[in-house]
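Observations on the model geometry
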Amino acid sequence: MKFETLAIHSGREPDPTTGALVTPLYQTSTFVFQDVGVTRGYDYSRTANPTRKALEDCIAALEGGKAGFAFSSGMAAETTIMHLLKAGDHVISGDDVYGGTYRLFERVMKDFGLEFTFLRMDDRRRIERAIRPNTTMIWIETPSNPLLNIVDIEMVVDIARRHELLTVADNTFATPYFLRPIEYGVDLVVHSTTKYLNGHCDVIGGAVVTTTDKLTERVQFLLNAMGTCASPFDCWLVLRGIKTLAVRMMQHEENAAQVATYLEKHPKVKRVLYPGLKSHPGHEIAMRQMGGFGGIVSFEMEGGIEATSSFLRNLKVFSLAESLGGLDSLVEHPATMSHASMPEDVRRSVGITDSLIRLSVGLENIDDLIEDLEQALEHT
Ligand SMILES: *Cc1c(COP(=O)(O)O)cnc(C)c1O
């Protein structure tokens, strides 16, 4: 079956007791045993829950993986994955990953004896030089947040396979509609379902998709042992959101492309970062690797922090808020918001300047979006 059909049908079977078409919300903590030692497949909702299972199967099908797991947040999914490792292991990560990912690695996991090297993932030799005897994992995010750098997944997987390293791809930005990292050989895919998969700005959630029985068994063990699972209601909402993922992503992309083209021509805009633009350094790889370029557009203003602040203040349709990937257009200032947890010198060295702005282009009418940008730019 094709993507759109899988998004609507996967993980779902008519409810055995009532025939309900839509997966019911099994809002229960526990399940009654049929007999001593005999269950109907479920015993306790931390371990497994039918609503969660429906979502997990659906995400696994869309990513083309072995099994899916739903977590209480993207960070819970990431924290759980990091527990596949042990003290002394070394991880190579992209240097412009999500701010919370950077914080988890640097300020939490480091204290448990893990080592990290952050680098730009665009050069094979640079990645190979960073490999140590204790390296066990490579973590990538493409397109990255907020700079929308594109990582050549096949190149990274090739390096990882030569050195027997586990590869993890954060596929939050592209979603499986535009990119399926497992097709390029990635071992684990992670998501913040908070973003496009749910798509309606009303859930915090995460997901992991595995590719082998061994990883499936281990992630299931960790999810249950650590208790990082998603609630049935949140799973129900994300499952509902995913049904429209294809049409939403198409429209997000169409709107984003128009916003990027508009901004690129504007005299008050220094540079626009959108993988769909020919001027984007990762455009060629994105063309080859992705089915589309997504709905996030970042750009740098002329005129520094003053002009940037007044632009942010004057927007009316775009709301100044963290997060992305929902129906609502949002604008975000990485230096003071999503990436404030990154030290200033690190932020600067990776290219997150004070005048960088990230737009999550929503599903409003494009004329209203462009008009809003126009009037806010005029007032700077
Ligand atoms: C938001 C986000 C996360 C973290 O997810 P939460 O659901 O907020 O915990 C991780 N990676 C990326 C790329 C994100 O955008």
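The preceding data block contains the structure.
Residues numbered from 1 in each chain as written. Predicted model: local features only at pLDDT ≥ 70, side-chain atom pairs only at ≥ 80, totals over all residues. Heavy atoms only, no water.

Okay, the nonpolar core next. If you look at soluble globular proteins, the nonpolar side chains tend to sit buried side by side. Counting 114 residues, the largest nonpolar core has M82, W139, L263, F311 and L359 as its most contacted members. Element by element, the count of residues in this core is highest for helix α10 (residues 245-265), at 8 residues. Two domains each put at least three residues into this core: domain 1 (3-242) and domain 2 (245-378). Once residues lying within four places of it in the same chain are set aside, the contact partners of F311 are F299, M301, I357, L373, A376, L377 and T380. (Core = buried A, V, L, I, M, F, W, Y, C linked by side-chain atoms within 4.5 Å. Buried < 20%, exposed > 50% of the residue type's maximum accessible area, 1.4 Å probe, protein only. Helix = DSSP H or I, 4+ residues; strand = E, 2+ residues; numbered from the N terminus. Domains from an automatic or database assignment. Contact = heavy atoms within 4.5 Å.)

Let's shift gears to α10. With 21 residues, α10 should reach 30 Å at 1.5 Å per residue; the first-to-last C-alpha distance of 30 Å fits that figure. Buried residues of α10: L245, A246, R248, M249, H252, E253, N255, A256, V259, A260, Y262 and L263, and no others. (Expected span 1.5 Å × (residues − 1).)

Before going further, it helps to examine the pairing of strand β9 (residues 296-301). Along β9, 6 of the 6 residues are buried, which leaves the element largely enclosed by surrounding structure. Where burial is concerned, the two faces of β9 agree: the one with I296, S298 and E300 and the one with V297, F299 and M301 are both buried. Both strand β8 (residues 269-273) and β9 contribute to a ladder of 4 bridges, which runs antiparallel. Within the sheet, the bridge partner assigned to V269 lies in β9 and is M301. Alignment of β9 against strand β12 (residues 356-360), held across 5 bridges, turns out to be antiparallel. When the sheet's bridge partners are listed, F299 is paired in β12 with I357. (Pairing = 2+ DSSP bridges.)

In this structure the tally under the stated criterion is 17 salt bridges. The shortest N-O distance in the salt bridge between K66 and D213 comes to 3.8 Å. Placement of K66 in the loop between α2 (50-63) and β1 (67-71) and of D213 in helix α8 (residues 213-226) is noted, with a sequence separation of 147 residues between them. Given a relative accessible area of 52%, D213 falls into the exposed group. When the shortest N-O distance is used, the salt bridge between E344 and R348 registers 2.6 Å. With E344 and R348 both in helix α13 (residues 344-350), this residue pair falls 4 residues apart, about one helical turn. Note on E344: relative accessible area 44%, which makes it partly exposed. Bridged by salt links that share partners, the residues R124, E128, D158 and R162 form one connected network. (Salt bridge = Lys/Arg side-chain N within 4 Å of Asp/Glu carboxyl O.)

Another aspect to go through is the state of the cysteines. For the coordinates displayed, the defined rule picks out 0 disulfides. Not part of a disulfide, C58 finds its nearest cysteine sulfur in C235, a span of 12 Å. The cysteine C229 is free of any disulfide, with C235 supplying the nearest cysteine sulfur at 8.2 Å. (Disulfide = S-S within 2.5 Å.)

With that out of the way, let us pick up unusual backbone geometry. Between T142 and the following residue, P143, the backbone shows a cis peptide bond with an omega angle of -10°. Mapped onto the secondary structure, P143 falls in the loop between β4 (135-141) and α6 (153-162). Following N145, the chain continues to P146 via a peptide bond in cis, the omega torsion being 5°. Relative to the helices and strands, P146 resides in the loop between β4 and α6.

Taken together, 14 residues form the shell around the ligand, and within it G74, D170, S192, T194 and K195 come nearest. One of the backbone N or O atoms of G74 is found 2.9 Å from an oxygen atom in the ligand. Within the side chain of K195, an N or O atom sits 2.7 Å from an oxygen atom of the ligand. Contact with the protein chains covers 93% of the free accessible surface of the ligand, which is 380 Å². When residues in the shell around the ligand are grouped by element, the largest group, 3 residues, is from helix α3 (residues 74-82). Residues that form the shell around the ligand fall into these classes: 3 nonpolar, 7 polar and 4 charged. (Near = heavy atom within 4 Å. Polar contact = N/O pair within 3.5 Å; in protein donor to acceptor, adjacent residues only side chain to side chain. Areas by Shrake-Rupley, 256 points an atom, 1.4 Å probe, with all protein chains shown as cover. Nonpolar A, V, L, I, M, F, W, Y, C, P; charged D, E, K, R; others polar.)

These figures capture arrangement, not role.
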